[in-house]
Amino acid sequence: MNLIKRLLMSLALVLPATTAAQSISQSQIEQFKSMPRAQQEALARQYGVDLDAIGGSVGQQNQRPKNVNVVEPVDAITDQEREQAQSREGKENNDEQDRRNGGLKPFGYDLFAGSPTTFAPVTEIPIPNDYTLGPGDVLRVQLWGKENQQLELPVSRDGTISFPQSGPQTVAGLTFDQARQQIKKRVSEQYIGVQASVTLGELRSMRVFVLGEARNAGSYTVSSLSTITNALYVSGGIKRTGSLRKIQHKRDGKLVGELDLYDLLLAGDTSDDNRLQPGDVIFIPPVGDRVGIDGEVYRPALYELNSGTNLQELVNLAGGLTPQAYPQLVRIERNNDDFLRIIAEANLTTPKGKKAKVKPGDRIEVASISDITGQYVEVKGAATRPGRYAWVPGMRVSSVIRSLDNDLLREADKRYAAIVRTDPETDTVSVINLRLRQALGNPGGENDILLQEKDQFLIFADEGKVNAKSQDQNNKVGERSVSGEGTGNGTSTVNSPDIQEDTEIDYSRFSREALFAPVLQRLKAQAKPGAPQQTIQVTGPVRYPGEYPLPASRQVADAIYVAGGLKDSASLYTAELARFSVDEAGTGETNVQNLDLRAIMNGDVSVLLQSRDRLLIKSIPEFAQAKTIELDGEVRYPGEYTIRDGETLRDVLQRAGGLTDNAFPKGAIFTREKLRELEAQRLREAEERLKSDLVGVQLEGNDFGGQNAERTQRVQELLEDVQDSRPLGRMVIDLTAVVENKDYQSIRLQDGDTLTVPTIPQSVSVFGEVQFPTSHLHTEGLTVDDYLERSGGPTRQADEERVYVVKADGSVMLPEKSRWFGGRSQQLAPGDTIIVPIDVDRLNQLELWSNVSQIVYQMALGAAAVGNL
């Protein structure tokens, strides 16, 4: 125990001093280690000794020094720390700098942009013979022959290895080849019949410094095989403000080499990537002069200059010229001696241009060659292979478009195409109309037009085919969704090849309007006195009404053909041609001319068009306008009837066989579409008014009696009723008089009218502010008050003075004022409805609330009557 105390006391006094630790014998330490762990911890706590320190001091001479990670590599730090490092780099300024440089970024810094998986250098490589050994390296010695043994000999701090049975041997400072030869010689001299093979095992670590414009400057522990680039990676790379071309390698305060990373990036040259030694310093100076190069080069960027860089060398740094480059024109923007921005030019095809010196701050742009200027014709629009084709004299339309099925899309208009021709002398355009099917049907014929250089084919899409294809596609999608082959979220994925093709094509780009737009713009721009604007307009029932270039033939029939032809609703009896002209006084005027369209289309009459003519094709009056009325309910033959212009309700009822024996004509509901639209407008207006009133009531706040809260609730309920109501468009009629009295006012029918005839009712309904709104069986002799009493009587919000009755035909009567009713004691008829409105006077003096409630009740009654059929 005393020995252990002395051991612990000595350890406590001397740790971590190495020299004192060596005075403790190995047997003492082994005796301490043989004690139970609990007793070791208790003694260690008593004397304040770390057990790990005791264990770590054991056999220090036989162990290699441990590597200490002074700074974690970039990939080991947290995301927050990485973001802080990026903010220190000034990343927020990079985008602004790139913008000022015209989008050009400095070349080469992307090398350090990513986070590599490891920063450790590759160690599984042959060790060079000139590798210098030092403390921490491990030599592996294999003995074979008379004695077989595998030894691992670490280089201690004093630079020696402890060779078994032969004492220490100094190897520090020797190259690996020198140490290997000495060990082999010693084994051959001291061990008879034994040979040795020496290799290098684990390598030592060493500390180097990365300073200057490094991303994370500081001290780093790296492998002894590390080079300059390894250390740069460990430090996170180089800032944009640092130089890539003059990275300095210093040792003992002296410059031992410089690394130009451009050699590595552009040529893969690592000859200057020197291996580091302990205590070396890598210093990154600020970036040098930069120039920018843009345009037709492979690597547009900002490049750091070396001394004396010329234009050709800069182009080589940028990867050279692309095939589209125009080397005869290189623009150079630079600052002159007066600090003004000027533009210079250079020709890279001449020796002088190649040797032109570039200056700091220059921005160089390599121009591109212009588009093809001749010897071509171009196909645009709904073609399978649009683009430019080589032109040779004698080419015709059939030389470019050989097949309507193979060279055009399925949705293309195969009847008509246009050729836009440019006059090479005046640079003006004209449009030639092409009957495409006739041209390909008779090659070399009249319609197979000879082509000229730079002609443009405009192939249009047939909107009818496009719409039909789109509808067919939607149907297929719907079928797949119904069959349960959807995607699970209410949609369906269609993998049909032809549908996939259609969804990828935007046919609107091939319409007449889209393809003719640039042509019309040029025609308008080239107009001048003596050469008026060569455009016309075609309106009316043609397939594609709009503005078009004036046909070369100037014929009205050709203009109609360009517009897609006449629809079946077009009238052939007459058309109008409006023409703008200038009279003798120089004043503009418009003249209208009537045309015999049938004679023009048959070719019997020829009418020539002029600039800005407007051709109006008239429609056949009332063409295919089927007006209908729907008869429902107790009609002998209900259904949807087509009505003639001016036909009345009595006429249609006679065609439908009249009313059945169970019909209740007094309760008939006649609706009209225009009235429905008016009711919808009233509902919208009422909703807006109620919203405003609701806001006003809410802003008044709560009063003492809670009346304001009650008003707010009432307005809210009324607003919800208005929002839930649907317009019916009912018109009050006396159907009995319509059927039986010929002198009764005739009801002229309109398209969309409906007549619903209910069966004979047996009930009287009570709605509104009563205790139990419901319907009661009609009983002879009961009055309004009787039915109100059967519904529990009015509520405290009811307005008993304004109770009204809605008759079965939709008319409204006020029992308190109507002489016909004879007061509230008047008996009611089947189908009548009693309405008890809200007492709006008690809540607020707003007549609107009463009117809105009446509208809602009336619509609800009509809808209920229709729904009960």
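Caption draft 1: Expanded view of the overall build of the chain. Helix and strand content of the chain: 27 helices and 35 strands. The 869 residues of the chain split such that 41% are buried. Within the structure as shown, the chain displays about 47,800 Å² of accessible surface, and the carbon and sulfur contribution to it stands at 47%.

Caption draft 2: Spatial organisation of the pattern of salt bridges. By the definition in use, this model includes 23 salt bridges. Its salt-bridge partner being Arg-334, residue Asp-362 comes within 2.6 Å of it at the nearest N-O pair. Taken together, the residues span a long stretch of sequence, with Asp-362 in the loop between helix H12 (351-354) and strand S15 (363-368) and Arg-334 in strand S13 (residues 325-335) at a distance of 28 residues. What makes Asp-362 buried here is its relative accessible area of 3%.

Caption draft 3: Structural context of the sheet that holds S15. Read from one edge to the other, the open sheet built from five strands follows the order S12-S11-S15-S13-S14, with strand pairing classed as mixed. Of all the strands in the sheet, just strand S12 (301-304) and strand S14 (341-346) have a single pairing partner and so form its edges. If you compare each strand with its neighbour and ignore which way they point, the axes differ by 25° on average. Of the pairings in the sheet, the one linking S13 to S14 comprises six bridges and is antiparallel in character. Note on S14: the bridge partner recorded for Glu-333 is Ile-343.

Caption draft 4: How the structure looks around the packing of aromatic side chains. A full pass over the atoms with the stated rule returns eight aromatic pairs. Each member of the aromatic cluster is reached from another via a ring pair, and the members are Tyr-416, Phe-460, Phe-516, Tyr-548 and Tyr-561. One cation-aromatic arrangement involves Arg-388 over Tyr-376; the distance from NZ or CZ to the ring centre is 4.4 Å. Taking the ring centre of Tyr-573 as reference, the NZ or CZ of Arg-598 above it sits at 5.7 Å.

Caption draft 5: Highlighting the side chain of Asn-310. Mapped onto the elements, Asn-310 comes out in the loop between S12 and helix H11 (311-317). The exposure class of Asn-310 is buried, given its relative accessible area of 13%. From its side chain, Asn-310 meets the backbone nitrogen of Glu-313 in a polar contact 2.8 Å long. Once you skip the residues sitting within four places of it in the chain, Asn-310 turns out to touch Lys-354, Lys-355, Ala-356, Lys-357 and Val-358.

Caption draft 6: A look at the pairing of S13. In this structure, S13 lies alongside S15, joined through five bridges in antiparallel fashion. In the sheet register, Ile-332 faces S15, and the bridge partner there is Ile-364.

Caption draft 7: Structural context of the sheet that holds strand S5 (residues 194-200). Read across the open sheet, the three strands follow the order S2-S1-S5; overall the sheet is antiparallel. Two strands in the sheet have a free side with no partner beyond their single neighbour: strand S2 (149-154) and S5. Recorded for the sheet is a direction-independent mean angle of 20° between the axes of neighbouring strands. Its contacts with the sheet place helix H8 (residues 176-190) against strand S1 (138-145) and S5, and it is angled at close to 160° to S5.

Caption draft 8: Up close: the confidence of the model for the chain. When pLDDT is averaged across the chain, the result is 78; 74% of the residues are at 70 or more. Low pLDDT, under 50, characterises residues 56-76; the stretch is placed with 40 contacts to residues that sit more than four places away or in other chains.

Definitions and limits used
- Numbering of residues begins from 1 in every chain and follows the order in which that chain's sequence is written.
- Note on the predicted model: pLDDT of at least 70 is required for a residue's local features to be given, and 80 or more for side-chain atom pairs to be given and counted; whole-chain, interface and lining totals, by contrast, use all residues.
- To obtain the side-chain values, all non-hydrogen atoms of the structure were used and water was disregarded.
- Every helix listed is a DSSP run of H or I at least four residues long, and every strand listed is a run of E at least two residues long, numbered separately from the N terminus.
- Note on exposure labels: buried denotes an accessible area under 20% of the residue type's maximum, exposed denotes more than 50%, and partly exposed covers the range between, all computed with a 1.4 Å probe on protein chains only.
- Using a 1.4 Å probe, accessible areas were evaluated by the Shrake-Rupley method; residue-level cover was limited to the displayed protein chains.
- A carboxyl oxygen of Asp or Glu within 4 Å of a side-chain nitrogen of Lys or Arg is what we treat as a salt bridge.
- When DSSP finds at least two bridges between two strands, those strands are taken to pair.
- Only the stretch in contact is used when fitting a helix axis, every axis being a line fitted to C-alpha atoms; angles between N-to-C directions are given from 0 to 180 degrees.
- Between the rings of Phe, Tyr and Trp (Trp by its six-membered ring), a pair exists once the centres lie within 6.5 Å; its type follows the angle of the planes, with under 30 degrees stacked, over 60 edge-to-face, and the other angles tilted.
- Charge-over-ring contacts are defined here by two conditions on Lys NZ or Arg CZ: a distance within 6 Å of the ring centre and an angle within 35 degrees of the ring normal.
- Nitrogen and oxygen atoms within 3.5 Å of one another constitute a polar contact, given that in protein one can donate a hydrogen and the other can accept it, and given that sequence-neighbouring residues count only through two side-chain atoms.
- Contact criterion: two residues are considered in contact whenever any of their non-hydrogen atoms come within 4.5 Å of each other.
- Confidence of the prediction at every residue is given by pLDDT, a number between 0 and 100.

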